[in-house]
Amino acid sequence: MLERPRVAVERPPETFEDFYVREYPAVVGLAYALSGSRWGAEDLAQEAFLAAHRDWERIGAYEQPGAWVRRVVANLSVSAFRRHAAEAKALARLAFSQPVPLPDLAASDPAFWAAVRSLPRRQAQVVALFYMEDRPIADVGTILDMTPGTVKRHLYDARRTLARRLQVDEEVLEP
Amino acid sequence: MTLDGRGRRAGQGFRHAIDDLTATEPDRGSFERFEAFRHRKRRNQRIGAGIVAGTVAVVAIVFVAQAIPRGERGAAGLPGGGGRILYGDWDAQAQRADWYTASPDGSSSRDLGLSGTCAIWFPDGSRILVTNDAAVGPGSPLRPGIFEPDGTGLRPLDAAGDPHLNLGCGDVSPDGRRIAVEGFGADGHSELDGIYSVRASDGGDVVRLVRGPVSPPRYSPDGTRLSFFDTTEGTSPTGSGALFVMPSDGSADPVRITPWGYAFDDHEWSPDGSWIAFQRPYGQLYLVRPDGSDLHRVPVELPAGTGALNPSWSPDGAWIVFSHQRSEGAVISLVRVDGTGLRDVVNAPGAQLQSPDWAAQSTSP
């Protein structure tokens, strides 16, 4: 359930298509980072954009509609159950068509992202947004509807777990 | 390198890859795919269950009456030895399917009022095993459930205690006592992934048979063996893997029976246990002996641009029913094991019909 919509602001309304074209690559990338499914990621992203499209008059007026759609896709992508279903369906479509060529996103340290996906879901979401999108703590909190302190706590816990699993030095960053 | 440094570098690599994606994939093209996605969903929503059932029944009765010579019909004048075919209509928004049954000639289609990712008959056709998706929530992982053949009388199989373990799609042992299911961890507990066996009466007595693979296992008709699909990093084509067979009590390691890259997801044993039908990516029906011998394609010529998915055997072992994937949707089709007699059984414009399962014995519609 999505709660606490952002404050509406006075500005010319953006068309949904412009919003989609601008945000799609990053949103499908976030879905891929969190789901690990190259093929299911597009379905997850499309579902998130479809949710925004249904209520675009309201969501398009938010200060950060991109944050809203990221929150949706982040929640969809970390659900093991939905991820499993989306991937199965996406792969099923390959039964009668050749796969669309996509850049190999897994080339960017797949072990790191695999470890991220093994984290508890809130930690995985925080880490993906913090590192993949290079967003400040406050932005991550806005997207995930968390206080900055909660984001820091999740990030701290996640880093400790990741450092242990990846056997790399843990730079101690206080929560 | 510190964890923070590695994370920032991984993130930077990811952003570069996304930039590449943007460069190689024109934005307008992406939006066109979104529009296609949206229209497909709207079209599916317009297709009510009643319309589906009515259309299917009328069209299929006429079609089958014309298409099937009398000499090919089995029990009750139906192909394949009678019984009923269970099938799902995939709902992309809910990420699960609505389930129906129909006669093997496509007539008397019935909306069971069930919604779930997977559904499969008990071997005697007396009940239906489903994933109890509706009960999933915080602290409530996915569990199986059992329904009567008419879709009533849900009995959740929720005696498994581990709140981090999801128990998904699977199969019922021939004696009806055990259920083999795919298991996968919630909240990052991927160490729980594997094939599990649970008691069919309540879902308790959870036994992990294999660590790792997450795919619906299938019992051999005598109940002594299980088969499952697994994949591994780098297998080509994308999403493909191999089929494995193992003792159903987990007493020995699984044996791979197809080459890597030859199998895809769903498969099923023939009623006499001598064959396993599966899909070779992408969209070709294949058969293999349970020991891996006699691997060959079912010689059916599907129309260009279409493919077969989710094969299941008729009770008499003469036919294979499958989800026939087409550009405009997916229908349920039949073909004889020798590749002849291809025909649609259930069709509805725009629907994504999938995962047919043919009951071994006739059940009341």
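The structure presented is a predicted model; accordingly, all values stated were derived computationally and were not measured.

J.: With reference to specific residues and values, describe the overall build of chain B.
T.: Within chain B, the secondary structure is distributed over three helices and 24 strands. Counting across all 365 residues of chain B, residues that qualify as buried make up 49%. Here the analysis covers contacts within chain B between residues at least 6 apart in sequence; of these, 49% occur between residues at least 24 apart.

J.: Describe in detail the confidence of the model for chain B, supporting the description with residues and values.
T.: Residues and elements named next belong to chain B. For chain B, per-residue confidence averages 82 on the pLDDT scale, and residues scoring 70 or more make up 82% of the total. Segment residues 44–76: pLDDT under 50, and 49 contacts once partners within four positions in sequence are set aside and those in other chains are kept. For this predicted complex, the interface confidence comes out at an ipTM of 0.79, alongside a pTM of 0.64.

J.: Give a description of the nonpolar core that names residues and reports values.
T.: Ala119, Leu129, Ile320 and Val321 of chain B are the most contacted members of the largest nonpolar core, which totals 77 residues. Setting aside anything within four residues of it in sequence, one finds Ile320 of chain B in contact with Ala277, Leu285, Val298, Pro311, Ser312, Trp313, Val335 and Val337 of chain B. Counting residues in each nonpolar core, the second largest holds 51 residues, with Val72, Val127, Phe130 and Leu162 of chain A among its members.

J.: Can you break down the sheet that holds strand β22 (residues 329–336) of chain B residue by residue, with the values?
T.: Residues and elements named next belong to chain B. Ordered in space as β20-β21-β22-β23, the four strands form an open sheet in which the pairing is antiparallel. Looking at which strands have only one partner, the edges of the open sheet turn out to be β20 (307–313) and β23 (343–346). For this sheet, the mean angle separating the axes of adjacent strands, direction not counted, is 35 degrees. Relative to β23, β22 runs antiparallel, the two being bridged by three bridges. Of the residues in β23, the one forming a bridge with Ile332 is Val346.

J.: Requested: an account of the environment of Arg165 of chain A, with residues and values cited.
T.: Its place among the elements puts Arg165 of chain A in helix α9 (residues 148–166). What makes Arg165 of chain A partly exposed here is the crowd of 16 C-beta atoms within 10 Å.

J.: Describe the sheet that holds strand β2 (residues 96–102) of chain B, with residues and values.
T.: Residues and elements named next belong to chain B. Ordered in space as β3-β2-β1-β24, the four strands form an open sheet in which the pairing is antiparallel. The sheet terminates laterally at β3 (110–116) and β24 (353–358), the two strands that pair on one side only. Taking each pair of neighbouring strands and ignoring which way they run, the sheet shows an average axis angle of 25 degrees. Examined bridge by bridge, β2 and β3 share five bridges and lie antiparallel to one another. Bridge assignment links Trp99 to a residue of β3, and that residue is Leu114.

Conventions and cut-offs
- Residues numbered from 1 in each chain as written.
- Chains lettered and ligands numbered in written order.
- Predicted model: local features only at pLDDT ≥ 70, side-chain atom pairs only at ≥ 80, totals over all residues.
- Helix = DSSP H or I, 4+ residues; strand = E, 2+ residues; numbered from the N terminus.
- Buried ≥ 20, exposed ≤ 12 C-beta atoms within 10 Å, placed from the backbone.
- Contact = placed C-beta atoms within 7 Å.
- pLDDT = per-residue confidence, 0-100.
- Core = buried A, V, L, I, M, F, W, Y, C linked by C-beta atoms within 7 Å.
- Pairing = 2+ DSSP bridges.
- Axes fitted to C-alpha atoms, helices over the stretch in contact; angles between N-to-C directions.

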